[in-house]
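Commentary on secondary and tertiary structure
These are the residues of each chain, in order.
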Amino acid sequence: MNVDGKPERTIRVAADGAGVEIIDQTQLPFAFVRRRLGNLEETAEAISAMRVRGAPLIGVAAAYGLALAMRDDPSEAGVSAACQRLMATRPTAVNLRWALGRVRASVRGLPEGERAQRAWARAGELADADVVTCRALAEHGLRLLEKRAAERRDGGPLQVLTHCNAGWLATVDWGTALAPLYLAHDSGLPVHVWVDETRPRNQGASLTAWELAQHGVPHTLVADNAGGHLMQRGQVDCCLVGTDRTTAAGDVCNKIGTYLKALAARDNGVPFYAAVPSASIDWSIGCAGDVPIEERDADELTRVAGRSADGRMMEVSLVPDGTRVANPAFDVTPARLVSALITERGVCDASPEGLERLFPAQAR
Ligand code: MRU
């Protein structure tokens, strides 16, 4: 997608081929800064600190991180240790395990001297494949949005509520939940996006609002608590969110607060869609309670960073000293509250049968 009119991807190979360059998302929306990752540790730090984030991008970044690790130590023990290090960075996004598995499989049986090069090529293939997947998902999502728009009587823009950031910043390009919205906007279907701020990390306020503005998609930022009210007033035609891990039963794990939106949507007869690239499906989990939920640092709730009136970046405290904090980063929306899953192979019911129809080999 474009930044200041110039096409960008969230991760790219550095000119010297000795590392990758990411967009440091912790600097957005105030600065667009590229950061170089040249080894395993730098990659692991970037994922843990959420310089790169979003399940598909975490997967691709980890794939490059593993390839970089093999340049230093291509032995079996070295590869295992690197996988363990990367797996420990973000526990919920299943794309991480998926991508590491693919890179590892690509070097199996190869002499140590050939591994790093093969792994690097495989990471590049995964990055390119992510773009193709998101673009295909966008097409299927667009069909759904067009149907919904045709049901509107007043001819006004389709009103879509999204939570967190599932745009191109969360993938290599295009995004998952935002991809159909970009395509709708580009093809002349009027859309307006309600952007949940997404406390505590504010991915909606700082990332989704920024990337929609860069692409010229009309949007309005709302506090996380406003969604139910908007739905009650008939101001939301559908909800469209991403996922970090979807179970084989169609339960959708996504950023904390997603479940509350799904409850409000059901109460108000608003369709609730999840954009689910197949790499985000955990075929080994059939039960929502088995999804590992990342617990993040208390500072994310107790402190907030922003830009002061005179342009300085600053961080301030929000709560009484010593306040006890719980910070679960994700929740699981049960399949029964999900109207449909949008995948790169088409749209299906959020059910084992629905997923099996599109992905028979994986579902078995
Ligand atoms: O913690 P994050 O910012 O990595 O989580 C990302 C999300 O939860 C997004 O909502 C998203 O849909 C998953 S990535 C497309």
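Attention here is on the structure that accompanies the text. Along each chain, numbering runs from 1 in the same order as the chain's sequence is written. Thresholds applied to this predicted model are a pLDDT of at least 70 for local features of residues and 80 or more for the giving and counting of side-chain atom pairs; totals over whole chains, interfaces and linings are not thresholded and use all residues. Derived side-chain values reflect all non-hydrogen atoms in the structure, with water molecules and hydrogen atoms excluded from consideration.

**Things to note about the site of the ligand**
When at least one non-hydrogen atom of a residue lies within 4 Å of a molecule or strand, that residue is treated as near it. Within the structure, the ligand sits among 19 residues, and R53, R90, Q203, D244 and K255 are positioned closest to it. A distance of 2.9 Å separates an oxygen atom of the ligand from a polar atom in the backbone of G54. Think of a polar contact as two N or O atoms within 3.5 Å of one another; within protein, one of them needs to be a possible hydrogen donor and the other a possible acceptor, and neighboring residues in sequence only count if both atoms come from side chains. Here an oxygen atom of the ligand and a backbone polar atom of T243 are 3.3 Å apart. Counting from the N terminus, the helices are the DSSP runs of H or I reaching at least four residues and the strands are the DSSP runs of E reaching at least two. Looking at the shell around the ligand, the elements that each hand over two or more residues are α2 (55-72) and β11 (252-255).

**Re the pairing of strand β9 (residues 238-241)**
A regular strand places its side chains so that they alternate between the two faces of the sheet. Only protein chains enter the calculation, and the probe is 1.4 Å; a residue is then buried if its accessible area is under 20% of its type maximum, exposed if over 50%, and partly exposed in between. Residue alternation in β9 divides its side chains into two sets, C238 and L240 and C239 and V241, and both sets are buried. As paired elements, strand β6 (residues 158-162) and β9 share two bridges and run parallel to each other. The partner of V160 across the bridge, within β9, is C238. Strands pair, by our definition, only if DSSP identifies at least two bridges between them. Direction of pairing for β9 relative to strand β12 (residues 272-275): parallel, over a ladder of three bridges. Among the inter-strand pairings, C239 is bridged to a residue of β12, identified as F272.

**Some details on a nonpolar patch on the surface**
There is a patch of nonpolar side chains on the surface, built from Y259, L260 and L263 and spanning about 270 Å² of accessible area. Structurally, the position occupied by L263 is in helix α9 (residues 258-267). Only residues whose relative accessible area exceeds 30% and that form no salt bridge are eligible for patches; like-charged ones are grouped when within 9 Å, while nonpolar side chains (Val, Leu, Ile, Met, Phe, Trp, Tyr) are grouped when within 5 Å. We get accessible surface area from the Shrake-Rupley algorithm with a probe of 1.4 Å; when it comes to residues, only the shown protein chains can shield them. Any carboxyl oxygen of Asp or Glu within 4 Å of a side-chain nitrogen of Lys or Arg constitutes a salt bridge here.

**Description of the pattern of salt bridges**
In total, this model carries 28 salt bridges according to the counting rule given. In this structure, D128 and R9 form a salt bridge, with 3.0 Å as the shortest nitrogen-oxygen distance. Of this pair, D128 sits in helix α5 (residues 112-150) while R9 sits in the loop between β2 (6-7) and β3 (11-13); the two residues are 119 residues apart in sequence, bridging distant segments of the chain. Between D282 and R97 there is a salt bridge, with the nearest N and O atoms lying 3.0 Å from each other. Taken together, the residues span a long stretch of sequence, with D282 in strand β13 (residues 281-282) and R97 in helix α4 (residues 95-107) at a distance of 185 residues. The partly exposed category is assigned to R97, whose relative accessible area is 39%. Bridged by salt links that share partners, the residues K6, E8, R12, E21 and R34 form one connected network.

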